[in-house]
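Per-entry structural report
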Amino acid sequence: MSDLTRREFLHLLAAASAAGLPLSSRGGPAQAALYDLPRFGNVHFLHMTDCHAQLKPIYFREPNANLGVGSSSGKAPHLVGEKLLRHFKLKPGSAEAHAFTFLNFHEGARKYGKVGGFAHLATLVKRLKASRPGALLLDGGDTWQGSATALWTQGQDMVDACLALGVDVMTAHWEFTLGDKRVKEIVDKDFKGKVDFVAQNVQTADFGDPVFAPYTLKEMNGVPVAIIGQAFPYTPIANPRHFTPEWSFGIKEAEMQKVIDEVRGKGAQAVVLLSHNGMDVDLKLASRVTGLDAILGGHTHDGVPVPTIVANKSGKTLVTNAGSNGKFLGVLDFDVKGGMVSDFRYRLLPVFSNLLPADPAMHALIDKIRAPYAQKLSEKLAVTEGLLFRRGNFNGTFDQLLLDGLMEVKGAEIAFSPGFRWGTSILPGESITFEHLMDQTAITYPMTTVNDLTGEMIKTILEDIADNLFNPDPYYQQGGDMVRVGGLKYTCTPGAKAGSRISDMKLNGKPIDAGRKYKVAGWAPVAEGAQGEPIWDVIAPWLRAKKVISPRWANTPKLFGVAGNAGIA
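Residues numbered from 1 in each chain as written. Predicted model: local features only at pLDDT ≥ 70, side-chain atom pairs only at ≥ 80, totals over all residues. Heavy atoms only, no water.

Next up on the list: the overall build of the protein. Check the secondary structure of the protein and you find 17 helices and 25 strands. Against the 2.2 N^0.38 benchmark of 25 Å for 569 residues, the protein shows a C-alpha radius of gyration of 23 Å, consistent with a compact globule. Overall size of the protein, expressed as C-alpha extent along the three principal axes, is 70 × 50 × 45 Å. Every one of the 569 residues in the protein was classed for burial, and the buried ones make up 63%. (Helix = DSSP H or I, 4+ residues; strand = E, 2+ residues; numbered from the N terminus. Rg over C-alpha atoms; globule rule 2.2 N^0.38 Å. Buried < 20%, exposed > 50% of the residue type's maximum accessible area, 1.4 Å probe, protein only.)

Attention shifts here to the sheet that holds strand β21 (residues 502-507). Read from one edge to the other, the open sheet built from four strands follows the order β22-β21-β20-β25, with strand pairing classed as mixed. This sheet does not close on itself; its edge strands, each paired only once, are β22 (510-511) and β25 (558-559). Relative to β22, β21 runs antiparallel, the two being bridged by two bridges. Each bridged residue has a counterpart across the sheet, and for K506 the counterpart in β22 is P511. Contacting β20 (488-492) and β21, helix α16 (residues 455-470) runs over the sheet at an angle of about 135 degrees to β21. (Pairing = 2+ DSSP bridges. Contact = heavy atoms within 4.5 Å. Axes fitted to C-alpha atoms, helices over the stretch in contact; angles between N-to-C directions.)

All right, on to the pattern of salt bridges then. Two side chains of opposite charge can pair, provided their charged atoms sit close to one another. Inspection of the entire model under this criterion finds 26 salt bridges. A salt bridge links R132 to D333; the shortest N-O distance between them is 2.9 Å. Here D333 lies in strand β13 (residues 328-337) and R132 lies in the loop between α5 (118-131) and β2 (136-139), a separation of 201 residues in the sequence. Comparing R132 with D333, the two get one shared label, buried. (Salt bridge = Lys/Arg side-chain N within 4 Å of Asp/Glu carboxyl O.)

Now for helix α14 (residues 397-410). Look at α14: 20 Å from first C-alpha to last across 14 residues, which is about the 20 Å you get at 1.5 Å a residue. The element α14 is largely enclosed, with a buried count of eleven among its 14 residues. Taken as a whole, α14 has its buried residues at T397, F398, D399, Q400, L401, L402, L403, D404, G405, L406 and M407. Backbone geometry just after α14 places G411 at a positive phi near 65 degrees. (Expected span 1.5 Å × (residues − 1).)

Turning our eyes to something else, we now look at helix α7 (residues 156-165). Residues of α7 that are buried: D157, M158, V159, A161, C162 and L165. Looking at the buried residues of α7, the elements they touch are β1 (43-48), α5, β2, α6 (148-152), α8 (180-190) and α12 (360-370). With its phi angle positive at about 95 degrees, G166 sits one or two positions after the end of α7.

Adjacent strands of a sheet form backbone hydrogen bonds with each other and so pair up, either parallel or antiparallel. Taken together, six strands build an open sheet; the order of strands is β4-β3-β2-β1-β13-β14 and the sheet is mixed. A strand with exactly one partner marks an edge of an open sheet, and here the two such strands are β4 (196-197) and β14 (340-350). Note: strand β3 (residues 169-170) against β4, two bridges, orientation parallel. If you follow V169 over to β4, its bridge partner there is D196.

Bringing the pairing of β1 into the picture now. On a regular strand, each side chain points to the face opposite its neighbour's, so the side chains alternate between the two faces of the sheet. Most of β1 is tucked away: six of the six residues are buried. Neither face of β1 is open: one carries V43, F45 and H47, the other H44, L46 and M48, and all of them are buried. Where β1 meets β13, five bridges bridge the pair, whose relative direction is antiparallel. Bridge pairing in β13 links H47 to G330.

Time to look at the pairing of β14. Of all eleven residues in β14, eight are buried; the element is thus mostly enclosed. Relative to β14, β13 is paired through ten bridges, and the arrangement is antiparallel. Bridge pairing in β14 links L332 to Y346.

Right, let's get into the confidence of the model for the protein. Residues shown with low pLDDT carry predicted positions that ought not to be read at fine detail. Averaged over every residue, the pLDDT of the protein is 93; residues scoring 70 or more account for 94%. Long-range and interchain partners of residues 2-31, a stretch whose pLDDT sits below 50, account for 52 contacts in this model, where long-range means more than four residues apart. (pLDDT = per-residue confidence, 0-100.)

Next up on the list: the packing of helix α15 (residues 434-441) against helix α17 (residues 535-546). Contact geometry for α15 and α17: axes closest at 10 Å, N-to-C directions at 145 degrees. For α15 against α17, the interelement crossing comes out right-handed. On the side of α15, the interface is formed by F434, L437, M438 and T441, while α17 contributes I535, W536, I539 and A540. Looking at the contact of α15 with α17 residue by residue, the class counts come to seven nonpolar, one polar and no charged. (Left-handed = near helix turned anticlockwise from the far one by under 90°. Nonpolar A, V, L, I, M, F, W, Y, C, P; charged D, E, K, R; others polar.)

With 120 residues, the main nonpolar core has F45, F118 and F334 as its most contacted residues. Sorting elements by how many residues they give to this core places α5 first, with seven residues. One finds F243, L437, I443 and W523 within the second-largest nonpolar core, a separate group that totals 38 residues. (Core = buried A, V, L, I, M, F, W, Y, C linked by side-chain atoms within 4.5 Å.)

A few words on unusual backbone geometry. Residues A76 and P77 are joined by a peptide bond in cis, for which omega reads 10 degrees. Relative to the assigned elements, P77 resides in the loop between β1 and α2 (81-88). Its identity is not glycine, yet K89 carries a phi of approximately 55 degrees, on the positive side. As for its placement among the helices and strands, K89 is situated in the loop between α2 and α3 (95-100). Classification of K89 as exposed rests on a relative accessible area of 70%. Look at N104: it is not a glycine, yet its phi comes out positive at around 45 degrees. The topology assignment puts N104 in the loop between α3 and α4 (105-112). Overall, N104 belongs to the exposed group, its relative accessible area being 55%.

Quick look at the structure:
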């Protein structure tokens, strides 16, 4: 969109404003016509991201806390609950409200059923590809991690499922936690001639040579198009460095501009970035590079119904983010005329498994993949009396369950659990299966730890993680959500300066002593050589002994300076 006129921009803006999903206009998703999107234009992209290895339909609750700070405050993606509904003009109580917000989640889940599932997603992909000749399915990454079967098969279950789904182009993040050799094995063997694995920002650490292809060029309905890849820039920081010791990552903005210029020079008339930056980073990047028509983004798990249109020095770029866990499929249609994008249509479709019949071939493949593990996955560990979920800036009830178990089993005063965004939800009255536990914990560095940390060190840890989340410059936001904390109470001021966001730390009502050592349990250490039982081997016996899990109260900090912020309910 580098040459759009003001009139064309306003036309696109109007189209974007009208791009809400027509789910609830007749009382909910009672009709399969929801998915009958008329074809528009001549260039078509289908976009999935952050499915986290969820092959079966699931429940997934959206966050009630997704705070934006600085210039991000009050803007997408930092909108939750009723504020999100008002901003995107979605009807309260509708299927959209259930899909895009946490509001009345239990009631909505009972009414609308589970979401996602590759068999149901396959049906939708096939329908859309049939109506859009040449359409490409893009996978934004975080695909080979997040479930027991993905861990136990080193991602092979997801590789096979994605090949069957018809993925055309992919980039990555959590895939790298399988190790550089395993990633290269899949790319060079399973994907060869079938899936383009692109990442312009992954290079060798010694000479800066590209590890993967930076982009792929395709022709669609006579139009040359380019898809550039952007893997998660902070992989060696957010995850263990020793998994990819010889590779460098980073945003690499200048290199990105060179790649854009290169594909434009080769004749590409539509250029998109398949990104795993996170939406805030994508918004900043879109304002600083030129020549991108759209960024199809992931990492932050933000389900955003309407693209944000970002102006830069010579044009405008659409920025999208397509949620997580197989819950959404983005559909971006471009009308390319005279060598440039002249108009677009975009929908972010919730994948309601009750509305989309399972594709028989994919269903059979999933059953085959899961068969060797079915008995172990289905073990009922306990019954939950309350809703269990993870997603949110500060804590979730399933995270609290892990924290409570760690403190009790390890005899710790305080516990930390990583601020991961993946992890399925469980409704009250349901059994917590071993599969559910693995949905929260299935990583290649699951070791539990117990350390004696001073009060000063605890504050330093919390401050560092808070800066990763709330730094006003998106390029310095290097991790997930805030570490989940058990036992310890504290106050957080997200808008404060680095080193000054955490205060009033207390344990059992008493102020934390900076010089005293406290027994702190945790899991998922990024340091090489860490020892300890896998987290599931600690929590599973604990759950079996409990049998019934009472509702969890998520321990979250007292917040200052967030009154009126649209990112918290």
